[in-house]
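Architecture at a glance
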Amino acid sequence: MYGHLNYFNHIFDLFKPFINKEYKVKSRSCIDKRTNKTYSYILFATLTLPCFTSYRELFYNLEGKKLYLII
């Protein structure tokens, strides 16, 4: 997680105007059941704004379910 922290902070700074002022950055971890490895990640969420709609449509269908790209 910490190897990419500078990149995360850069992106977070770019999106600060679109984040609720009371929002706190969250960190999580999960276990990959296939490999039994633990992965950590950090995240933030932007406000729901019309300027982000086209990006949302790239990753979610109309029901809000995540789309997965098969390459």
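See the structure printed just above.
What counts as what
- Residues numbered from 1 in each chain as written.
- Predicted model: local features only at pLDDT ≥ 70, side-chain atom pairs only at ≥ 80, totals over all residues.
- Heavy atoms only, no water.
- Helix = DSSP H or I, 4+ residues; strand = E, 2+ residues; numbered from the N terminus.
- Rg over C-alpha atoms; globule rule 2.2 N^0.38 Å.
- Buried < 20%, exposed > 50% of the residue type's maximum accessible area, 1.4 Å probe, protein only.
- Contact = heavy atoms within 4.5 Å.
- Areas by Shrake-Rupley, 256 points an atom, 1.4 Å probe, with all protein chains shown as cover.
- Lys, Arg positive; Asp, Glu negative; His and termini not counted.
- Charge placed at Lys NZ, Arg CZ, Asp CG, Glu CD.
- Phe/Tyr/Trp six-rings, centres within 6.5 Å; stacked < 30°, edge-to-face > 60°.
- Pairing = 2+ DSSP bridges.

**Some details on the overall build of the chain**
Across its full length, the chain holds two helices and two strands. Taken from the N to the C terminus, the helices and strands of the chain come in the order α-β-β-α. Computed over C-alpha atoms, the radius of gyration of the chain comes to 15 Å, more than 25% over the 11 Å expected from 2.2 N^0.38 for 71 residues, which places it beyond the range of a compact globule. The C-alpha extent of the chain, read off along each of the three principal axes, is 40 × 30 × 20 Å. Looking at the chain residue by residue over its 71 residues, the buried ones come to 7%. Contacts spanning at least 24 positions in sequence make up 38% of the contacts within the chain whose residues lie at least 6 apart. A total of about 6,800 Å² of accessible surface is found on the chain, and carbon and sulfur atoms cover 59% of it. A gap of 7 Å separates the mean positions of the 11 positive and 5 negative side-chain charges of the chain.

**Notes on the packing of aromatic side chains**
Taken as a whole, this structure holds seven aromatic pairs when the rule is applied. Ring plane angle 80 degrees and centroid distance 5.3 Å describe the contact between F18 and F52, whose orientation is recorded as edge-to-face. Taken as a pair, F18 in the loop between α1 (5-15) and β1 (26-32) and F52 in the loop between β2 (37-43) and α2 (53-59) lie far apart in primary sequence, 34 residues in all. We classify F18 as partly exposed; its relative accessible area is 29%. Looking at F52, the relative accessible area reads 17%, which means it is buried. An aromatic cluster is defined as three or more aromatic residues linked by ring pairs; in this entry it consists of F8, F12, F15, F18, F44 and F52.

**Looking at the pairing of β2**
Both β1 and β2 contribute to a ladder of seven bridges, which runs antiparallel. Residue pairing in the sheet places S27 in a bridge with I42 of β2. Linking β1 back to β2 in an antiparallel pair, the connection comprises four residues, with N36 at a positive phi of about 65 degrees.

**What to know about unusual backbone geometry**
Of note, N36 is a non-glycine position whose phi angle comes to about 65 degrees, a positive value. Mapped onto the elements of the fold, N36 is located in the loop between β1 and β2.

**Looking at the environment of Y23**
Tracing the chain through its elements places Y23 in the loop between α1 and β1. Y23 sits 14 residues away from N9 along the chain, and the two C-alpha atoms are 15 Å apart.

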